[in-house]
Amino acid sequence: MQYNVVVIGSGPGGYVAAIRCAQLGMKVAIIEKYNTLGGTCLNVGCIPSKALLDSSEHFHNAAHTFKEHGIDIDSPKVNIDQMIKRKGDVVKANVDGIAFLMKKNKIDVHTGVGSFVDKNTIKITKDGKDTTITTEKVIIATGSKPTPLPFAPFDKKRIISSTEALELKEVPKHMIVIGGGVIGMELGSVYARIGAKVTVVEFLDSLIPTNDCTIGKELQKATKKLGMDFYLGHKVTAVENKGKEVVVKAEPKNGGAAVELKGDYCLVSIGRRPYTDGLGLDKVGIELDKGKIPVDNHLKTKVDNIYAIGDVVRGAMLAHKAEEEGVMVAEQLSGQKPHINYNLIPGVVYTWPEVASVGSTEEQLKEQGRAYKTGSFPYKALGRARASMDLDGLVKILADKTTDEILGVHIIGARAADMIAAGVVAMEYRASAEDVSRMSHAHPTYMEAVKEACLAATANRPIHM
Ligand code: FAD
Ligand code: NAI
């Protein structure tokens with residue numbers, strides 16, 4: 001079979017690229033090694049983790065805040081089997097939706113491992129059988145896999161990655177999380193909310209360290225209230241599966257007494273690495289750079305008909321970044337001149353309170369030597385936050401000292417994930433903090449904190465503080 005475009009990998013990068021290519025009139029095939037489409041994000045990433053975050057948040061509220069709202073119920077109990085089953089149903093609805101979209105857009109789906117024979121020929125291997133297809137262009141979207149600790153590989157029983165943490169059959173008694181980044185904080189809070197003791201060991205001195213430093217501190221305060229414990233600035237030296245328990249040893253980076261932690265599960269969430277196993281990149285002469293496929297500004301590899309997108313290339317490992325790249329490559333192939341503003345790809349951590357940010361952090365502005373001003377506003381001063389009892393959090397705005405242009409929006413608080421879109425729009429249109437502060441924001445809403453933080457940044461005159 002001859003195609004205009006073959007996409008290898010069906011995650012948010014791959015399936016979106018395939019749909020956009022088909023919309024633009026190309027004959028498209030997509031190859032996926034697993035039986036379901038949607039990649040990491042839909043099967044073992046974004047969607048299942050959010051399903052468990054929502055379920056565990058409901059439980060937490062039923063157990064801790066309903067009473068104050070005037071709702072008396074008998075002590076709620078966790079039914080972990082049902083929680084995991086519902087998560088499975090959510091995943092199924094989503095992956096089935098992608099299969100429907102492939103049909104609707106007349107995209108041929110090939111199940112099996114895709115690998116290069118040459119730059120225009122792709123072999124698909126399934127159950128030991130090979131078939132080949134030929135194509136003008138190829139888009140590699142093979143994604144990423146969890147990074148193991150070099151001295152303690154995943155055994156998938158006691159030493160687990162996010163994939164196993166989404167499928168546990170019991171509530172852990174004590175989950176030790178190595179890595180206080182996005183996965184550690186999201187999945188750590190899922191299990192803390194439903195009764196596990198959770199201890200996070202993080203190498204750096206802050207949680208979610210790539211975020212603005214103010215936000216990591218706030219998240220630590222908020223999640224401490226769930227009973228989570230933290231060893232920041234600690235280097236893990238050993239992790240051992242002892243059968244019914246796992247033992248983790250860590251040392252403070254800057255000296256001091258070593259700690260030994262005993263738990264029943266150790267979630268290792270120290271980052272993800274690009275995945276290219278079995279792709280046969282050597283057949284087309286593509287060499288990896290620190291595990292990633294090197295691409296130019298057009299996402300083209302060194303081979304002129306082969307492109308690569310998503311987690312397998314440089315940049316943030318985020319579903320919406322992969323999607324934008326899929327669209328960009330498709331539109332380029334049809335002769336358009338699309339562009340991605342990587343500075344305005346938002347990042348979200350779906351803890352509660354949620355964390356969301358776009359643009360530069362204060363640390364980055366300092367490093368660039370840029371003159372800036374800041375304004376922040378706490379959730380606890382919002383009528384809306386008092387009504388819902390979601391008092392933890394703040395909005396922090398960074399703006400250019402002279403022009404007042406917004407350079408960064410950092411939010412921790414209820415519904416930050418949805419609010420950040422307003423920050424993206426403002427920054428895409430290069431709004432000043434004053435512009436936003438002069439726009440009417442509905443009352444009572446959490447978004448009023450963004451307006452107030454802009455007032456604080458622009459003229460140090462918030463109304464409600
Ligand atoms: P992937 O989604 O990894 O898809 C790659 C696909 O390629 C896979 O299906 C794989 O099987 C297939 N494949 C690989 N090699 C071959 C081959 N040779 N032949 C055929 N098929 C192949 N991001 C967010 O933006 N928001 C979130 O809330 C979020 N939550 C996450 C939660 C967790 C627990 C995890 C692990 C990740 C989360 N992410 C989130 C990150 C997000 O999942 C990834 O950034 C995104 O999936 C990357 O998309 P991709 O298309 O590049 O690759
Ligand atoms: P991460 O990069 O977010 O966090 C890893 C953390 O582990 C860092 O804080 C790092 O300092 C720490 N670390 C690294 N090595 C360590 C060691 N040896 N000991 C202790 N700490 C160590 O990576 P994570 O959480 O594994 O997630 C992978 C990626 O998946 C994320 O970067 C993100 O791109 C994506 N993701 C996105 C989500 C979202 O958008 N909501 C949710 C989950 C994952």
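Each chain carries its own residue numbering, running from 1 in the direction its sequence is written. As they are written, the chains are lettered A onward and the ligands numbered 1 onward, keeping that order. With pLDDT at 70 or above as the cut-off, local features in this predicted model cover only qualifying residues; side-chain atom pairs require 80 or more to be listed or tallied, and sums for whole chains, interfaces and linings still use all residues. Values reported for side chains reflect all heavy atoms of the structure, with hydrogen atoms and water molecules removed beforehand.

1. Notes on the overall build of the protein
Inference 1: Strands are runs of DSSP state E lasting at least two residues, helices are runs of H or I lasting at least four, and both sets are numbered from the N terminus onward. Each helix and strand counted, the protein has 14 helices and 22 strands in total.
Inference 2: Each radius of gyration is computed over the set of C-alpha atoms, and the globule rule expresses the reference value as 2.2 Å times the number of residues to the power 0.38. Whereas a compact globule of 465 residues would reach a radius of gyration of roughly 23 Å, the protein reaches 23 Å, a difference of no more than 12%.
Inference 3: Each principal axis of the C-alpha atoms in the protein carries an extent, and together these give about 65 × 60 × 50 Å.
Inference 4: Counting over 465 residues, the protein shows a buried share of 52%.
Inference 5: A separation of at least 24 residues holds for 64% of the contacts in the protein among residues at least 6 apart in sequence.
Inference 6: Reported accessibility uses the Shrake-Rupley method at a 1.4 Å probe radius. Residues are deemed covered only where the shown protein chains occlude them. On the protein, roughly 21700 Å² of surface is accessible, and the fraction owed to carbon and sulfur atoms is 52%. With a 1.4 Å probe rolled over the protein chains alone, any residue whose accessible area is under 20% of its type maximum counts as buried; one over 50% counts as exposed, and the rest are partly exposed. Residue contacts follow a heavy-atom distance rule, with two residues in contact if any of their heavy atoms lie within 4.5 Å.

2. Some details on the site of ligand 2
Inference 1: By nearness alone, 21 residues border ligand 2, and Ile183, Glu186, Glu202, Met317 and Val348 come closest of all.
Inference 2: Backbone polar atom of isoleucine 183 to an oxygen atom of ligand 2: 2.8 Å apart, as the coordinates give it.
Inference 3: N or O atoms within 3.5 Å of each other form a polar contact, as long as, within protein, one can give a hydrogen and the other can take it, and as long as residues adjacent in sequence are counted only when both atoms are side-chain atoms. Between ligand 2 and glutamate 202 there is a distance of 2.6 Å, counted from an oxygen atom to a side-chain nitrogen or oxygen.
Inference 4: Of the residues assigned to the shell around ligand 2, the class counts are 13 nonpolar, four polar and four charged.
Inference 5: Reported domain spans reflect what an automatic or database domain assignment gives. Each of domain 1 (2–145 + 273–342) and domain 2 (159–270) gives at least three residues to the shell around ligand 2. Distances are taken per atom, and a residue is near a molecule or strand as soon as one of its heavy atoms is within 4 Å of it. All amino acids are sorted into three groups, where Ala, Val, Leu, Ile, Met, Phe, Trp, Tyr, Cys and Pro are nonpolar, Asp, Glu, Lys and Arg are charged, and the leftover types, Gly among them, are polar.

3. Structural notes on the packing of helix α3 (residues 46–64) against helix α7 (residues 182–193)
Inference 1: Comment: axis = line fitted to C-alpha atoms, over the contacting stretch for helices; angle = value between 0 and 180 degrees taken between N-to-C directions. Where α3 contacts α7, the axes come no closer than 9 Å and their chain directions differ by 35°. The two elements α3 and α7 meet at a crossing, and its hand is left-handed. Of the residues in α7, those in contact with Ser49, Lys50, Leu52, Leu53, Ser56, Glu57, Phe59 and His60 of α3 are Glu186, Leu187, Ser189, Val190, Tyr191 and Arg193.
Inference 2: Grouping the amino acids of the contact of α3 with α7 by side-chain chemistry returns six nonpolar, four polar and four charged. Each helix crossing is assigned a hand: it is left-handed if the near helix lies turned anticlockwise from the far helix by less than a right angle, otherwise right-handed if that turn is clockwise.

4. Some details on the domain arrangement of the protein
Inference 1: One can read the domain layout of the protein as domain 1 (2–145 + 273–342), domain 2 (159–270) and domain 3 (353–459).
Inference 2: Taken over C-alpha atoms, the centre of domain 1 sits 31 Å from the centre of domain 3.
Inference 3: Counting residues at the interface gives four residues for domain 1, matched by four residues for domain 3.
Inference 4: A 1.4 Å probe defines the accessible area here, and the buried area is the portion of it lost by two parts on being joined, summed over both. With both sides pooled, the region where domain 1 packs onto domain 3 buries about 270 Å², and carbon together with sulfur makes up 63% of that total.
Inference 5: It is Glu68, His69 and Asn341 in domain 1 that bury the most area against domain 3; as a group they hold 87% of the surface buried on that side.
Inference 6: Salt bridge, as used here: a side-chain nitrogen of Lys or Arg that lies within 4 Å of a carboxyl oxygen of Asp or Glu. Run the count over domain 1 and domain 3 and you get zero salt bridges.
Inference 7: Counting across the interface, domain 1 meets domain 3 through zero residue pairs in polar contact (both at pLDDT 80 or more).

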